[in-house]
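Inside the fold
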2 protein chains.
Amino acid sequence: MAGDGSDQRALQYEQTLMYGRYTQELGVYAKEEAARLRESGQRRSVRDRSRTLDLLEYDKGRCAKCRICTVRCQKFLISRVGEDWIFLILLGLLMALVSWVVDFCIAICLQAQKWMYGGLDSNVFLQYLAWVTYPVVLITFSAGFTQILAPQAVGSGIPEMKTILRGVVLKEYLTFKTFVAKVIGLTCALGSGMPLGKEGPFVHIASLCAALLSKFMSLFGGIYENESRNIEMLAAACAVGVGCCFAAPIGGVLFSIEVTSTFFAVRNYWRGFFAATFSAFIFRVLAVWNRDEETITALFKTRFRLDFPFDLQELPAFAVIGIASGFGGALFVYLNRLIVQFMRKQKVINKFLMKKRLLYPALVTLVLSTLTFPPGFGQFMAGKLTQKEALVTLLDNRTWAKQGIAEEFDYIGNAQAWRHPQVNVFVTLVLFIVMKFWMSALAITIPVPSGAFMPVFVIGAAFGRLVGESMAAWFPDGIHTDGTIYPIVPGGYAVVGAAALSGAVTHTVSTAVIVFELTGQISHILPVMIAVILANAVAQSLRFMTLLYLSGKYKATPIMLLV
Amino acid sequence: MAGDGSDQRALQYEQTLMYGRYTQELGVYAKEEAARLRESGQRRSVRDRSRTLDLLEYDKGRCAKCRICTVRCQKFLISRVGEDWIFLILLGLLMALVSWVVDFCIAICLQAQKWMYGGLDSNVFLQYLAWVTYPVVLITFSAGFTQILAPQAVGSGIPEMKTILRGVVLKEYLTFKTFVAKVIGLTCALGSGMPLGKEGPFVHIASLCAALLSKFMSLFGGIYENESRNIEMLAAACAVGVGCCFAAPIGGVLFSIEVTSTFFAVRNYWRGFFAATFSAFIFRVLAVWNRDEETITALFKTRFRLDFPFDLQELPAFAVIGIASGFGGALFVYLNRLIVQFMRKQKVINKFLMKKRLLYPALVTLVLSTLTFPPGFGQFMAGKLTQKEALVTLLDNRTWAKQGIAEEFDYIGNAQAWRHPQVNVFVTLVLFIVMKFWMSALAITIPVPSGAFMPVFVIGAAFGRLVGESMAAWFPDGIHTDGTIYPIVPGGYAVVGAAALSGAVTHTVSTAVIVFELTGQISHILPVMIAVILANAVAQSLRFMTLLYLSGKYKATPIMLLV
């Protein structure tokens, strides 16, 4: 620490020793450090205390032994329970509340838009104005608010969390200002109905929450001032973020590990499990308490048949979904990059936008919401539906189209949006996928707090549904030939597609686990796993090949470009 | 490496540098090393080759660029696909075959025992002889065979794998002899119908398989001779072992991480996912191919209702299962330790058993199989059922006892074993739990290849079922009061109990994921997670307190005892 001209070698050796100690005994180290801090206040060394314990032991024999044991147990309980677990419980509780409140506000915003739109059905022009103005105002407010309060809140925040977890101090990313900006900005952004996601920002919000909670708790005890312990808690917080966003504790832990780490400690994984489970539990209990649900269930519950979820011969179709999703995922990332680069390179546009920072969000929102206007082009791409509604209808266990004619299925409620008197349901699905694809890639370039997971997830589900409906049209009586007829379940294909595309875009395989927890059914486990692995293989190979090409161009080894 | 009297400090610094490189770029390092090995044969340095590539580029412009890119892509494909993924696919395929063949042989053995027992139903004494002799012979053979061929094959092998993965070379644990001994010994041991498990040994068998495959593949290329790469592959193999044993790829990966590691590389996790998924897929395809199943499904498929899996007010009961399982798990470990210590301390017994090594297995088997003899005491504890049958009946979605009388449910097939004309089903369940508890703890001390996971899992399921049946008897119309009647599902409690007890014994939380994959339903996710976390909290706290007590006794810090 005091680098005052001492032997350079010795210093480095000391540092690496510290490093070894750090990674292997982080918890122990944290506790020692805390104990030292606490003790220093009382001017009594740890050795003294243990000596008194020893003396007690020698003095009173058996009975004293019991007492010592009790003292030790008490100390253990306080140190274990008091330090970490209460913190994790508080974090889980807080994040569940935040997640629920954000969801609640988003739902109200979306309802308000629908109500305005529905109330003005006498005049199409007024309807259009209402449909378009509402999101433009919300997004502009969100962009302006974040810009003014804390520009660090823009985007998903996952790259920043990655950096922080690797030990780089980015103080301004973990402040109360950022927290407020992120939560309010995110609520407004998602309330506008743009194709944006809540998951990435929630990883950041949970980390913010953990950092603020640490600061608050440090008023009570020394342990909360420890830097290394805070990083451990941040790792758990990332899991909580995903867990309380989707009510998916296991998927949350795995996703946060895949997205933020290259090496992780199994100890942190347990912490993450605990906090994420508690958070997901409270999040779903709040839904029951609010009478949204009768009991604790999955967020997007499916009802596929259990006895024969799919046939072995359908696996090639699932594999095709996986491979196509791999290419699609790579294309999505590329498209997003292209848009960003285009905006940066066009100097005239760039200059203009730098001056009027709120113009770009407003313009993009105007274009996107114009396209989804239900009486306009929106009628061909189910523009009326919110992301949640679209996902629920896509995961439906009934078949929309049999033998190419979309008549058999009586479209109830939201599913009606997929039906058009003149246009086939396949055309609607293709239009939905193509339009949402570039719209999502464009929307996530808006400088508001937002993620890409959910839009990609919905596009993937639509793609899977398209393949599933095609299969159902191709084999109206199912593939299985001997005995019972098991019709094809297009909803299962939607699940596979959602997992595969989101896996390909985020380069993770834990999206498989997230879909199981989101849908509450695990019957399609093997198709989902196969599709996700194939999608990842394709997407990551494409990425690596691009890097190889670039390395040829820039005369660098691919490893140097691989971060 | 050459520690010839150079500066001690510099050497240590060098070592730590190496360490850093090791953990961060193990794969890169492995590939470099392999490349060097290969190149050395051709007497051409890597730099030369890249220089030729550069020259090509300068010579022919655009077209050459494409060609270089193609060459690079080819190299990438070969290095990626050729080196790792083919190995993982082969490993998965082999292990799926091994798992399926072992399962098949075990099923035949168990059928043979039942057939003998059924054929002799005219004479109870002959029946008893057949019932008892069969397992005694099988276990004695298994113990003798392993003893002679490879004593390293005894037990589960997970502790040894832990040691090997931490970098200690235990060569004799990864030989072909051990492989043969483990596979054949395990098949015979499980074929005897003793309460033993297949999961731990399969972790070891998969690692053996990976090690042997590495050796075999090293005939073709240099990369397979690399030590560090082999350890990476062993980590993936552990996941494959669990994955192909239960057709549970996700749970397999997580369980193997929790059981074998303290720090883990995300890269290995992807490898494990890939190999375990492939393995589980092939394992289930073999079942379809053998006409055991119509399509790919879970191993112990449940059919709980989807719309209302459980009520919020049932959660205290689930929490009770979790806490009780925590104590039960700790007791199980303690009991097992007690038995082992008793056998070691009693010098007369110990000496006698050391001389006649096969006597102990035979004696234990004799006692255990006598107790389960169906016309004898076995009739009160469903002794007729094999482990698999017991588990299937315990996970049934129908209620056995309503209002305390076991009449409503028409016991079909194997479920009849739980019914006794004079004795209540509750008594049967309690007897089953108590007897199987100590019987399992005793059985896993037999020196044959065997694990404790499956017996503990069944006991947990029985305990959960007991609580569930009690709840069903207490609230015959379910707890939910407003509107529809949702009766309680005791099978769901069985799932929770199984996950909680196996989690408490193995100190893992991933058993939660394993039960979802085993049963093919994820509807009880939150109760299972809560129970598993509580069980782990209780079991690990008890363990820590014991360590604290011991540390007081031996004057050591608990950390020193915590390994």
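It should be noted that the structure appears before, not after, this text.
Notes on the structure in this doc start here. (Residues numbered from 1 in each chain as written. Chains lettered and ligands numbered in written order. Predicted model: local features only at pLDDT ≥ 70, side-chain atom pairs only at ≥ 80, totals over all residues. Heavy atoms only, no water.)

What about the packing of helix α15 (residues 425-443) of chain A against helix α16 (residues 453-474) of chain A?
Two measures define how a pair of helices packs: the angle their axes make with one another and the distance between the axes. Residues and elements named next belong to chain A. Look at α15 against α16: their axes get within 10 Å of each other, and the N-to-C directions meet at 160°. Classed by the angle they form, the pair α15 and α16 counts as roughly antiparallel. Read as a crossing pair, α15 and α16 show a hand that is left-handed. Listed contacts from α16 to F426, L429, V430, F432, I433, K436, F437 and S440 of α15 are P455, V458, I459, A462, F463, R465, L466, E469, S470 and A473. When the residues that make up the contact of α15 with α16 are grouped by side-chain class, the tally is 13 nonpolar, 2 polar and 3 charged. (Axes fitted to C-alpha atoms, helices over the stretch in contact; angles between N-to-C directions. Helix = DSSP H or I, 4+ residues; strand = E, 2+ residues; numbered from the N terminus. Parallel < 35°, antiparallel > 145°, perpendicular 65-115°, else oblique. Left-handed = near helix turned anticlockwise from the far one by under 90°. Contact = heavy atoms within 4.5 Å. Nonpolar A, V, L, I, M, F, W, Y, C, P; charged D, E, K, R; others polar.)

Here we look at a nonpolar patch on the surface
A cluster of nonpolar side chains, A:I86, A:L90, A:L93 and A:L97, forms an exposed patch at the surface whose accessible area comes to about 290 Å². For A:L93, the position within the fold is in helix α3 (residues 46-119). (Patch = residues over 30% accessible without salt bridge, like charges linked within 9 Å, V, L, I, M, F, W, Y side chains within 5 Å. Areas by Shrake-Rupley, 256 points an atom, 1.4 Å probe, with all protein chains shown as cover. Salt bridge = Lys/Arg side-chain N within 4 Å of Asp/Glu carboxyl O.)

Topic: unusual backbone geometry
Positive phi, close to 55°, is recorded for A:A247, a residue that is not glycine. Assignment of secondary structure puts A:A247 in the loop between α8 (227-246) and α9 (249-260).

Observations concerning helix α8 (residues 227-246) of chain B
Residue and element names in this part refer to chain B. The end-to-end C-alpha distance of α8, which contains 20 residues, comes to 30 Å, matching closely the 28 Å that a straight helix rising 1.5 Å per residue would cover. Most of α8 is tucked away, with 17 of its 20 residues classed as buried. Residue A247 follows α8 closely and has a positive phi angle near 55°. (Expected span 1.5 Å × (residues − 1). Buried < 20%, exposed > 50% of the residue type's maximum accessible area, 1.4 Å probe, protein only.)

Structural notes on the packing of aromatic side chains
All names here are of chain B. This model, assessed by the stated rule, comprises 40 aromatic pairs over all chains. Their ring planes at 75° and their centres at 5.3 Å tell us that Y128 and F373 sit as a pair that is edge-to-face. Of the two residues, Y128 is situated in helix α4 (residues 124-149) and F373 in the loop between α13 (359-372) and α14 (387-394); the sequence distance between them amounts to 245 residues. Assessed through its relative accessible area of 6%, F373 is described here as buried. (Phe/Tyr/Trp six-rings, centres within 6.5 Å; stacked < 30°, edge-to-face > 60°.)

A closer look at α16(A)
For α16(A), with 22 residues, the first-to-last C-alpha span of 31 Å sits near the 32 Å given by 1.5 Å per residue. The buried fraction of α16(A) is high, at 18 of 22 residues.

Thoughts on the environment of B:L190
Residue and element names in this part refer to chain B. In this structure, L190 sits in helix α6 (residues 176-191). Put simply, L190 and C105 are 85 residues apart on the chain and 9.5 Å apart in space, counted from C-alpha to C-alpha. For L190, the contacting residues outside a window of four places in its chain are I106, L110, L196, G197 and K198.

Examining empty space enclosed by the protein
Residue and element names in this part refer to chain A. All chains considered together, the criterion is met by 12 cavities of 30 Å³ or more. One number sums up the size of the largest cavity: a volume of about 240 Å³. Taken together, 19 residues make up the lining of the largest cavity; nearest its centre are W131, G193, T372, G383 and L385. Of all the elements in the fold, those that place two or more residues in the lining of the largest cavity are α3, α4 (124-149), α13 (359-371) and α15. In terms of residue count, α3 provides more of the lining of the largest cavity than any other element does, 3 residues in total. Of the residues contributing to the lining of the largest cavity, the split by class is 8 nonpolar, 8 polar and 3 charged. (1 Å grid on protein atoms, 1.4 Å probe; cavity = no way out; pocket = protein on both sides within 12 Å on 5 of 7 lines; lining within 4 Å. Points joined across faces, edges and corners; volume = space filled by probe spheres on them.)

Quick look at the state of the cysteines
This model, assessed by the stated rule, comprises 0 disulfides over all chains. Free of any disulfide, A:C109 has its nearest cysteine sulfur in A:C188, 6.4 Å distant. For A:C109, a relative accessible area of 16% translates into the label buried. Of all cysteine sulfurs, the one in B:C244 lies closest to B:C209, which takes part in no disulfide; the gap is 8.9 Å. (Disulfide = S-S within 2.5 Å.)

Structural notes on the nonpolar core
A:I250, B:I250 and B:W418 are the most contacted members of the largest nonpolar core, which has 301 residues in total. Aside from chain neighbours lying at most four places away, what touches B:W418 is B:A382, B:L385, B:A390, B:T393, B:L394, B:W400, B:V425, B:T428, B:L429 and B:F432. (Core = buried A, V, L, I, M, F, W, Y, C linked by side-chain atoms within 4.5 Å.)

Brief notes about the side chain of B:K198
All names here are of chain B. Locating K198 in the fold gives a position in the loop between α6 and α7 (199-217). Look at K198 and you get buried, because its relative accessible area is 9%. In this structure the side chain of K198 is engaged in a polar contact, spanning 3.0 Å, whose partner is the side chain of S99. Look past the residues within four positions of K198 in its chain and what remains in contact with it is S99, D103, L186, L190, C245 and F283. (Polar contact = N/O pair within 3.5 Å; in protein donor to acceptor, adjacent residues only side chain to side chain.)

A few points about the environment of A:A143
Residues and elements named next belong to chain A. Positionally, A143 belongs in helix α4. In sequence terms A143 and A181 are 38 residues apart; their C-alpha atoms lie 9.7 Å from each other. Each residue touching A143, except ones within four places of it in the same chain, is listed here: L358, P361, P447 and V448.

Some details on the pattern of salt bridges
Once their charged atoms are close, side chains differing in charge can pair, the charge on each being opposite to the other. Residues and elements named next belong to chain A. In this structure the tally under the stated criterion is 10 salt bridges over all chains. One salt bridge connects R465 with E469, and the closest N-O pair in it is separated by 2.9 Å. Taken together, the residues span about one helical turn, with R465 and E469 both in helix α16 at a distance of 4 residues. Of the two residues examined, R465 and E469, each falls in the buried class.

Observations regarding the side chain of B:T511
Residues and elements named next belong to chain B. Assignment of secondary structure puts T511 in helix α18 (residues 511-519). Taking the relative accessible area as the measure of exposure, T511 reaches 0% and is therefore buried. Within the structure, the side chain of T511 is placed 3.1 Å from the backbone oxygen of A499, a separation counted as a polar contact. Ignoring sequence-local partners within four residues, the contact set of T511 consists of F255, F453, A499, S502, G503, T506 and V532.

Quick look at the environment of B:S440
Residue and element names in this part refer to chain B. Structurally, S440 can be placed in helix α15 (residues 425-443). For S440, a relative accessible area of 1% puts it in the buried group. Measuring from C-alpha to C-alpha, the distance between S440 and A452 comes to 7.5 Å, with 12 residues separating the pair along the chain. Aside from chain neighbours lying at most four places away, what touches S440 is P195, F332, P455 and I459. Within the local environment of S440, its side chain forms a polar contact with the backbone oxygen of K436, the two atoms lying 2.6 Å apart.

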